[in-house]
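Listed below are the residues making up each chain.
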Amino acid sequence: FGPDSIPTDGKLQIVFFIGFLELFVMKDVTGENDFVGDFRNGLLDFGWDNFDEETKLSKRAIELNNGRAAQMGILGLMVHEELGGTLPVVGDM
């Protein structure tokens with residue numbers, strides 16, 4: 001447990017995988033992005049292009065709010081872990 005629990009080769013594998021994603025996958029190579037962070041590159045389309053602009057904005061706002069709620073949930077778990085005690089979902093900390 002701790003920073004030394006992951007072998008050096010494992011840490012390097014993580015760094016190289018993230019570097020690969022940043023350099024070759026997660027960029028707008030086709031110029032088709034609809035908004036900042038849209039990395040579909042014409043490959044994935046789950047019906048997004050069929051929505052009108054108002055629906056797209058609504059769905060993006062919902063996704064942002066879900067992400068914020070998830071961040072708050074993780075933050076709450078981290079605070080409870082530092083406080084100690086027992087959580088109903090996780091159990092003993």
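Here is what the cut-offs are and how they apply
- Residues numbered from 1 in each chain as written.
- Predicted model: local features only at pLDDT ≥ 70, side-chain atom pairs only at ≥ 80, totals over all residues.
- Heavy atoms only, no water.
- Helix = DSSP H or I, 4+ residues; strand = E, 2+ residues; numbered from the N terminus.
- Rg over C-alpha atoms; globule rule 2.2 N^0.38 Å.
- Buried < 20%, exposed > 50% of the residue type's maximum accessible area, 1.4 Å probe, protein only.
- Contact = heavy atoms within 4.5 Å.
- Phe/Tyr/Trp six-rings, centres within 6.5 Å; stacked < 30°, edge-to-face > 60°.
- Lys NZ or Arg CZ within 6 Å of the ring centre and 35° of its normal.
- Expected span 1.5 Å × (residues − 1).
- Patch = residues over 30% accessible without salt bridge, like charges linked within 9 Å, V, L, I, M, F, W, Y side chains within 5 Å.
- Areas by Shrake-Rupley, 256 points an atom, 1.4 Å probe, with all protein chains shown as cover.
- Salt bridge = Lys/Arg side-chain N within 4 Å of Asp/Glu carboxyl O.

A. Quick peek at the overall build of the protein chain. Scanning the protein chain for helices and strands turns up 2 helices and 2 strands. In the protein chain, the succession of helices and strands from N to C terminus is α-α-β-β. Computed over its C-alpha atoms, the radius of gyration of the protein chain comes to 19 Å, more than 25% above the 12 Å expected for a compact globule of 93 residues. Its C-alpha atoms give the protein chain principal-axis dimensions of about 50 × 35 × 20 Å. Taking all 93 residues of the protein chain together, 10% fall into the buried category. In the protein chain, of all internal contacts separated by at least 6 residues, the share reaching a separation of at least 24 is 3%.

B. A look at the packing of aromatic side chains. Across all of its chains, the model carries 2 aromatic pairs by this definition. Centre to centre, the rings of tryptophan 48 and phenylalanine 51 are 6.2 Å apart; their planes meet at 85°, and the pair counts as edge-to-face. On the accessibility criterion, tryptophan 48 (16% relative accessible area) is buried. Assessed through its relative accessible area of 32%, phenylalanine 51 is described here as partly exposed. Across the ring face of phenylalanine 51, the terminal group of lysine 59 is positioned such that the distance to the ring centre comes to 5.0 Å.

C. Summary view of helix α2 (residues 53-83). The first and last C-alpha atoms of α2 sit 45 Å apart over 31 residues, in line with the 45 Å expected at 1.5 Å per residue. Where α2 terminates, the next one or two residues include glycine 84, which has phi positive at roughly 85°.

D. Looking closely at a nonpolar patch on the surface. Residues Ile14, Phe17, Ile18, Phe20, Leu23, Phe24, Val25, Met26 and Phe39 make up a contiguous nonpolar surface patch of roughly 880 Å² in combined accessible area. Position of valine 25 among the secondary structure elements: in helix α1 (residues 8-25).

E. Region of interest: the environment of threonine 30. Among the structural elements, threonine 30 can be located in the loop between α1 and α2. Take threonine 30: its relative accessible area is 38%, and that puts it in the partly exposed class. The sequence separation of threonine 30 and arginine 40 amounts to 10 residues, and the corresponding C-alpha distance is 9.3 Å.

F. Structural detail: the side chain of lysine 56. If you trace the backbone, lysine 56 turns up in helix α2. The contacts of lysine 56, once residues within four sequence positions are left out, are Asp34, Trp48, Asp49 and Phe51.

G. Quick look at the pattern of salt bridges. Under the criterion given, the structure shown has 1 salt bridge. Residue lysine 56 is joined to glutamate 53 by a salt bridge in which the shortest nitrogen-to-oxygen separation is 3.7 Å. Residue lysine 56 and its partner glutamate 53 are both found in helix α2; the two are separated by 3 residues, about one turn of the helix. Note on lysine 56: relative accessible area 11%, which makes it buried.

Limitation: the analysis is restricted to geometry and does not speak to function.
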